[in-house]
Amino acid sequence: MKNLQLLDCTLRDGGYLNDWQFGYSNIVNIFERMVSSGVDILEIGFLDGSRPFDLNRTIMPDTACAGAIYGNLDKKNTLIVGMIDFGTCPIGNLQPCAESYLDGIRVIFKKHIRNEAIAYCRQVKELGYKVFVQAVSITSYSEAELLDLVRLVNDFEPYALSMVDTYGLLHQDNLYSIYRLLDQNLKASIAIGYHAHNNFQMGYANCIRMIEAKTERSMLVDGTLYGMGKSAGNAPVELLAMYMNENCDKQYDINQMLEAVETSILDIYRVIPWGYNLFYYLAASNKCHPSYVSYLMNKKTLSIKSINDTLRKIDEEHKLMYDADTIEQLYRQYQECDCNDARALAELAERLKNRRIIAIGPGSSTLTEQDKWVDLFQQPQCAVVSINFIPDFVKPDFVFLTNSKRYVQLANRLSEQECADICIIATSNVTKASGLFQYELNYSRLIDQQAEVQDNSLFMFLRLMMELEVREIDLIGFDGYSETKMNYYKTNMEYANVRQMAQRLNAYGQNFIRAHQQQLNIHFITPSYYQIDSAQERIEG
């Protein structure tokens, strides 16, 4: 029967979240409780020659520093290992194993440097350590490359070769396919390991698949307390221990693990949460490096749908090796061909020709300054446009939508019979629940990519009006932003961060209006910080 081992890597993989600063008391607590739980292998941190020694951190420059942190702790029957990201820790930083607190060292590397990394692993083994070869991003290997890795590994016989699912891409069928290739070609003395990430919520299930694999060789699976780890986190070690107790005749003390979670992990989770989320889903579902998702999200110009569509266009060569030029080029291509809105623009220009536009925003002045606009809607030939909301006091002719969240907030209202004839003008980042909006406009056409907030809905609307050659606009409820007062007449519309940005946003608005006053005759019916006069004094007063 195979030798099945459980490895905990909380103190190493969890450290990506807090820069390995667990604090000495938590380090000791986690170590002692995991050893007391009976976990087979405990990874205590990174060895990185560029990092200074810090008693409160689990990233250390050399093996002697590992001894300085852990040397007085009883490791009982647990195998204690550290990890090296190949290239970060010179071989001279490692004591011979007989002089070290560590029993083994795991070495991670990407496939294109596997020959150099395996040569380094040989040196580590010569120092007497149990060596764990950690093949990062195992999904990036072709079958031929996997067989070449096996050849290199067989030649020096490390303790284990682990499949590292760096981006959480594996499902059980392709995981087992990789495992079978390794199992059939590795020497019997070499254990096979598996390190999961939870981008698809498959970490625990995939570990069970490995635990159940029928083989005579040693097998090991990685987990962390409460699933703590970068990206969407890892397989929770307490769940793996529970499964192995119930199905594999193991006797791990799960209470010790739960005590470690309660006393040392939950406080970190409350400050720096991890786990499945949309960001890591997008990366995993498109089988790409998470930095591509970060790049597109940080642009703040694309909807989730558009980000997903852009990620799908990354070529196979660059998907898992981040390339800034590739994603920049794809982003520009998206901007250039977002949607064909020529028909929409032409029809809107005809419908608004020679009409006076009354635009209504959700600022608090729509309630406090009603006397200023109550008779305004009686003007002949006016067209009423509300922006990202539907007012209670008048039925608009048009609703201009630029924000998916705002659309969700008013979707039910739009479905009511009384709103059936309201015309919707939506930018292309807003996706209708079903069917199509009457008019869809290029989002990238109307934003200001140089602005701090690129997609302020008022200025997107004013750019549209200039493109449609509208000359006269009345504005109600576009107050700008206060540092001290509510900015919207409905509390559920308030943004958390605008008060900190208020002065800069108001200055941007004033500059925009000053720059375009020859093209647009704008009348602020209610006072606004965007006015280039004393209106903001009236608002504060």
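Here the structure is a predicted model, which is why all the values come from computation and not from measurement.

About the criteria used
- Residues numbered from 1 in each chain as written.
- Predicted model: local features only at pLDDT ≥ 70, side-chain atom pairs only at ≥ 80, totals over all residues.
- Heavy atoms only, no water.
- Helix = DSSP H or I, 4+ residues; strand = E, 2+ residues; numbered from the N terminus.
- Buried < 20%, exposed > 50% of the residue type's maximum accessible area, 1.4 Å probe, protein only.
- Contact = heavy atoms within 4.5 Å.
- Areas by Shrake-Rupley, 256 points an atom, 1.4 Å probe, with all protein chains shown as cover.
- Lys, Arg positive; Asp, Glu negative; His and termini not counted.
- Charge placed at Lys NZ, Arg CZ, Asp CG, Glu CD.
- Pairing = 2+ DSSP bridges.
- Axes fitted to C-alpha atoms, helices over the stretch in contact; angles between N-to-C directions.
- Parallel < 35°, antiparallel > 145°, perpendicular 65-115°, else oblique.
- Nonpolar A, V, L, I, M, F, W, Y, C, P; charged D, E, K, R; others polar.
- Expected span 1.5 Å × (residues − 1).
- Polar contact = N/O pair within 3.5 Å; in protein donor to acceptor, adjacent residues only side chain to side chain.
- Salt bridge = Lys/Arg side-chain N within 4 Å of Asp/Glu carboxyl O.
- Core = buried A, V, L, I, M, F, W, Y, C linked by side-chain atoms within 4.5 Å.
- pLDDT = per-residue confidence, 0-100.
- Left-handed = near helix turned anticlockwise from the far one by under 90°.

Colleague: Where do I start with the overall build of the chain in this structure?
Modeller: In terms of helices and strands, the chain carries 21 helices and 16 strands. Expressed as lengths along the three principal axes of its C-alpha atoms, the size of the chain is roughly 90 × 50 × 45 Å. Going through the 541 residues of the chain one by one, you find that 56% of them count as buried. If you take every contact in the chain between residues at least 6 apart in sequence, the share linking residues at least 24 apart comes to 72%. Surface exposure of the chain reaches about 23700 Å², of which carbon and sulfur atoms provide 47%. Positive and negative side-chain charges in the chain, numbering 51 and 67 respectively, have mean positions lying 2 Å apart.

Colleague: Sorry, what's going on with the pairing of strand β4 (residues 79-85) here?
Modeller: Successive residues of a regular strand alternate their side chains across the two faces of the sheet. Extensive coverage of β4 is indicated by the burial of 6 of its 7 residues. Pairing of strand β2 (residues 41-47) with β4, which is carried by 4 bridges, proceeds in the parallel orientation. Of the residues in β4, the one forming a bridge with Glu-43 is Val-81. By the bridge criterion, 5 bridges tie β4 to strand β5 (residues 104-109) in an arrangement that is parallel. Note on β5: the bridge partner recorded for Asp-85 is Ile-108.

Colleague: Would you take a moment to explain the packing of helix α3 (residues 24-37) against helix α10 (residues 254-271) for this structure?
Modeller: Following both chains from N to C, one finds α3 and α10 inclined at 170 degrees, their axes separated by 8 Å at the closest point. In terms of orientation, α3 lies roughly antiparallel with respect to α10. For the pair α3 and α10, contact is made by Asn-26, Asn-29, Ile-30, Arg-33, Met-34, Ser-36 and Ser-37 and by Gln-256, Met-257, Glu-259, Ala-260, Thr-263, Ser-264 and Ile-265, respectively. For the contact of α3 with α10, a count of residues per class yields 5 nonpolar, 7 polar and 2 charged.

Colleague: Sorry if this is basic, but what is going on with α3 here?
Modeller: In an α-helix, one turn spans 3.6 residues, which is why side chains three or four residues apart end up on the same side. Given a rise of 1.5 Å per residue, 14 residues ought to cover 20 Å, and the 20 Å separating the end C-alpha atoms of α3 matches this to within 8%. Of the residues making up α3, those classed as buried are Ile-27, Val-28, Asn-29, Ile-30, Phe-31, Met-34, Val-35 and Ser-37. Looking at the residues trailing α3, positive phi occurs at Gly-38, about 90 degrees.

Colleague: Could you clarify how one ought to interpret the environment of Arg-355 in this entry?
Modeller: When you line up the elements, Arg-355 lands in the loop between α15 (342-352) and β10 (356-360). Overall, the relative accessible area of 25% leaves Arg-355 in the partly exposed class. Those residues in contact with Arg-355 that lie beyond four places of it in its chain are Gln-381, Cys-382, Ala-383 and Asp-397. Within the structure, the side chain of Arg-355 is placed 3.5 Å from the backbone oxygen of Arg-351, a separation counted as a polar contact.

Colleague: Sorry, what's going on with the pattern of salt bridges here?
Modeller: Two side chains that carry opposite charge are able to pair once their charged atoms sit near each other. With the rule as written, the count across this model stands at 28 salt bridges. Close ionic contact of Asp-222 with Arg-106 constitutes a salt bridge, the shortest N to O distance being 3.0 Å. Residue Asp-222 is located in strand β9 (residues 219-223), and its partner Arg-106 is located in strand β5; the two are separated by 116 residues in the primary sequence. For Arg-180, the salt bridge is made with Asp-183, and the minimal N-O distance between the two is 3.8 Å.

Colleague: In this structure, what is going on with the sheet that holds strand β16 (residues 521-524)? I would like to understand it.
Modeller: Within a sheet, neighbouring strands are paired by backbone hydrogen bonds and run either parallel or antiparallel to one another. The 7 strands lie next to each other as β14-β13-β12-β11-β10-β15-β16, forming an open sheet whose pairing is parallel. Looking at which strands have only one partner, the edges of the open sheet turn out to be β14 (439-441) and β16. Neighbouring strand axes in the sheet, compared pairwise and without regard to direction, differ in orientation by 25 degrees on average. For strand β12 (residues 398-401) and strand β13 (residues 423-427), the ladder comprises 4 bridges, and the chain directions are parallel. Bridge pairing in β13 places Leu-401 opposite Ala-426. Against the sheet, α15 contacts β10, β11 (382-387), β12, β13 and β14, and its axis sits at roughly 120 degrees relative to β14.

Colleague: I tried to follow the environment of Pro-380 on my own but got confused; where do I start?
Modeller: Relative to the helices and strands, Pro-380 resides in the loop between α16 (365-368) and β11. Classification of Pro-380 by relative accessible area gives exposed; the value is 69%. Taking the C-alpha atoms as reference points, Pro-380 and Arg-356, 24 residues apart in sequence, are found 8.4 Å from one another.

Colleague: Explanation requested: the nonpolar core in the structure shown.
Modeller: Grouped burial of nonpolar side chains is what soluble globular proteins tend to show. In terms of nonpolar packing, the biggest core is built from 85 residues, with Leu-6, Tyr-70 and Met-163 touching the most fellow members. Ignoring sequence-local partners within four residues, the contact set of Leu-6 consists of Val-39, Asp-40, Ile-41, Val-221, Val-237, Leu-240, Ala-241, Met-244, Tyr-252 and Met-257. Listed in part, the 42 residues of the second largest apolar core include Ile-357, Ala-383, Met-466 and Phe-478.

Colleague: Hey, could you run me through the confidence of the model for the chain in this one?
Modeller: It should be kept in mind that the predicted coordinates are not to be read in detail where pLDDT is low. Summarising the model, the chain shows a mean pLDDT of 90, and 95% of its residues fall at 70 or more. In this model, residues 534-541 is a region of pLDDT below 50 whose contacts with residues beyond four sequence positions or in other chains number 16 contacts.

Colleague: Looking at this model, I keep getting lost on the pairing of strand β1 (residues 4-8). Mind explaining?
Modeller: With 5 of 5 residues buried, β1 is to be regarded as a mostly interior element. Across the two faces of β1 the burial is the same, with Leu-4, Leu-6 and Asp-8 and Gln-5 and Leu-7 all buried. Of the pairings in the sheet, the one linking β1 to β9 comprises 5 bridges and is parallel in character. Across the sheet, Leu-4 pairs through a bridge with Met-219, a residue of β9. The sheet contact formed by β1 and β2 spans 2 bridges and is parallel. Paired with Asp-8 across the bridge in β2 is Leu-42.

Colleague: I tried to follow the packing of helix α5 (residues 114-126) against helix α6 (residues 143-156) on my own but got confused; where do I start?
Modeller: When two helices pack together, their arrangement is given by the angle between the helix axes and the distance between those axes. Orientation of α5 relative to α6, taken along the N-to-C sense of each, is 20 degrees, at an axis distance of 10 Å. Our classification of the angle between α5 and α6 gives roughly parallel. Taken as a pair, α5 and α6 cross one another with a handedness that is right-handed. For the pair formed by α5 and α6, the contact residues are Arg-114, Asn-115, Ile-118, Cys-121, Arg-122 and Lys-125 on the first element and Glu-145, Asp-148, Leu-149, Leu-152, Val-153, Asp-155 and Phe-156 on the second. Grouping the constituent residues of the contact of α5 with α6 by class yields 6 nonpolar, 1 polar and 6 charged.

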